[in-house]
Amino acid sequence: MATDYYAVLGVRRDASQDEIKKAFRRLARELHPDVNPDPKTQERFKEINAAYEVLSDPQKKQVYDLGGDPLSANGGGGGAGGFGAGGFGNFSDIMDAFFGNAAQRGPRSRTRRGQDAMIRLEIDLNEAAFGTTKDIQVDTAVVCNTCSGEGAAPGTSAQTCDMCRGRGEVSQVTRSFLGQVMTSRPCPQCQGFGTVVPTPCPECAGDGRIRSRRTLTVKIPAGVDNGTRIQLAGEGEVGPGGGPPGDLYVEIHELPHSVFQRRGDDLHCTVTIPMTAAALGTKCPLETLDGLEEIDIRPGTQSGQSVPLHGRGITHLRGGGRGDLIVHVEVMTPAKLDAEQERLLRELAKLRGEERPLGQFQPGQQGLFSRLKDAFNGR
Ligand SMILES: [Zn+2]
Ligand SMILES: [Zn+2]
């Protein structure tokens, strides 16, 4: 193989994309023709561009790692992407090498954004249906009042680190086959902050924040469900150094209701009515979320039929309107009959021609026997 691209960039064969990019930028700054017009240097500049073009592209890198050269005319990946055609590799990365990413340099801030926090909140079905307001107790980190988040004891302040002179990083010059190579690493004395706190705040031990319990009032919108998360921006943990707080998420846990079962925004319940009421029709009082209502059971209602009460369910979280309340009817067969009741029922059966037991209906005839058989046959 003609060129060892890894050696050209001065990185190990197992270098990460980040390391490859950093190595390229460093060399590009050093060897750019505008900086160093010497023909030999320009030759080197072309080399590092070719190396970067291959190693920064996962596909080309794979071809190269397997022994091919993706930049040669028939090396795979199409010749048009070759170095000669495309000029200097990836233009934006070259620009980055000169102008971009200044933020990565210099001391890092002691102040960082805090983490998000989460709290579980139990509500009942009524509150889920119509929304509510709740006071919750939250335990989070808040800015330390003693040092206002600075981390230094009152009357003292952070001082410039004498090891890195405030730069937050220390540099080292090493010799390699490429010549002198400058490497930087975070300053071990100040951990890269550029400052040291000689006398930490006694209240927060220099962290700039303390734990505190406070009460928050949360508005729960109508229509929330189990697992719904309500985001309270900026009510999470304050960050190190008194940094901006994260968000607080309130996760809804809906307690089961004694009568209603929720499915989506619809509610379901079952009413059990006597056989006679099912046959004759009746009005059945039901305590709904909106108060007492009369369920109209029409004459001839069968067990398993349902009566929908439109708009008596849960409010839709988005878009307004409400789901339905579905009342499932269960018909109760009398289990104990006294003599008079039995006599009346027998008389009724006789009047209706229903004296024969149901099981003696002929197959195919409308009756319990045929319906069950249909169910088993999957029809
Ligand atoms: Zn403090
Ligand atoms: Zn330092």
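As the structure is a prediction and not an experimental result, all values here were calculated from the model.

Rules used in this analysis
- Think of each chain on its own: its residues are numbered from 1, step by step along the sequence as written.
- To read the labels, note that chains go from A and ligands from 1, taken in the order they are written.
- Totals for whole chains, interfaces and linings use every residue, but because this is a predicted model, local features are given only for residues with pLDDT of at least 70 and side-chain atom pairs only at 80 or more, for both listing and counting.
- Side-chain metrics rest on all non-hydrogen atoms present in the structure, leaving aside hydrogens and water.
- Burial classes follow relative accessibility: with a 1.4 Å probe on protein chains only, a residue under 20% of its type's maximum area counts as buried, one over 50% as exposed, and anything between as partly exposed.
- Helix and strand assignments come from DSSP, with helices taken as H or I runs of at least 4 residues and strands as E runs of at least 2, each series counted from the N terminus.
- Here, the arc refers to the directions that run from the helix axis to the C-beta atoms.
- In protein, a polar contact requires one atom able to donate a hydrogen and another able to accept it; more generally it is a pair of N or O atoms within 3.5 Å, and residues adjacent in sequence count only if both atoms are side-chain atoms.
- Only nitrogen, oxygen and sulfur atoms within 2.8 Å of the metal, or 3.2 Å for Na, K and Ca, are treated as donors, and water is left out, so sites may look incomplete.
- Every angle between 85 and 135 degrees makes a four-donor site tetrahedral, while opposite donors more than 155 degrees apart, with all other angles between 65 and 115, make a four-donor site square planar and a six-donor site octahedral; other sites are irregular.
- Here, a salt bridge means any side-chain nitrogen of Lys or Arg that lies within 4 Å of a carboxyl oxygen of Asp or Glu.

1. A closer look at helix H4 (residues 58-65)
Along H4, the residues that are buried comprise Lys60, Lys61 and Tyr64. The buried residues of H4 occupy an angular sector of 100° when the element is viewed end-on, so they sit on one face. Exposed and oriented more than 90 degrees from the buried face of H4 are Pro58, Gln59 and Gln62. In this structure aspartate 57 caps H4, since a side-chain oxygen of it lies 2.9 Å from the backbone nitrogen of glutamine 59. Following H4 by one or two positions, glycine 67 has its phi on the positive side, about 105°.

2. Some details on the coordination of the zinc ion (ligand 2)
Geometrically, a metal with four donors at the corners of a regular tetrahedron has ideal angles of 109.5 degrees, and one with six donors at the corners of a regular octahedron has ideal angles of 90 or 180 degrees. Coordination of the zinc ion (ligand 2) by the protein involves Cys161 (SG), Cys164 (SG), Cys187 (SG) and Cys190 (SG), with metal-donor separations of 2.2 to 2.3 Å. Coordination at the zinc ion (ligand 2) is tetrahedral, judged from the 4 donor atoms that bind it and the angles of 102 to 116° they form at the metal. Each donor residue of the zinc ion (ligand 2) belongs to the same chain, with the gaps between them written as C-x2-C-x22-C-x2-C. Each member of the pair, cysteine 161 as well as cysteine 164, is classed as buried.

3. Quick word on the pattern of salt bridges
Under the definition given, this model contains 23 salt bridges. One salt bridge in this structure joins aspartate 65 and lysine 61, with 3.4 Å as the shortest N-O distance. With a gap of 4 residues between them, aspartate 65 and lysine 61 both fall in helix H4, about one helical turn apart. By relative accessible area, aspartate 65 is classed as partly exposed at 36%. Between lysine 283 and aspartate 296 there is a salt bridge, with its nearest N and O atoms 3.3 Å apart. Of the two residues, lysine 283 is situated in strand E12 (residues 282-288) and aspartate 296 in strand E13 (residues 291-297); the sequence distance between them amounts to 13 residues. Under the relative-accessibility criterion, aspartate 296 is labelled partly exposed at 41%.

From the geometry alone we can't say anything about function, so treat these as descriptive.
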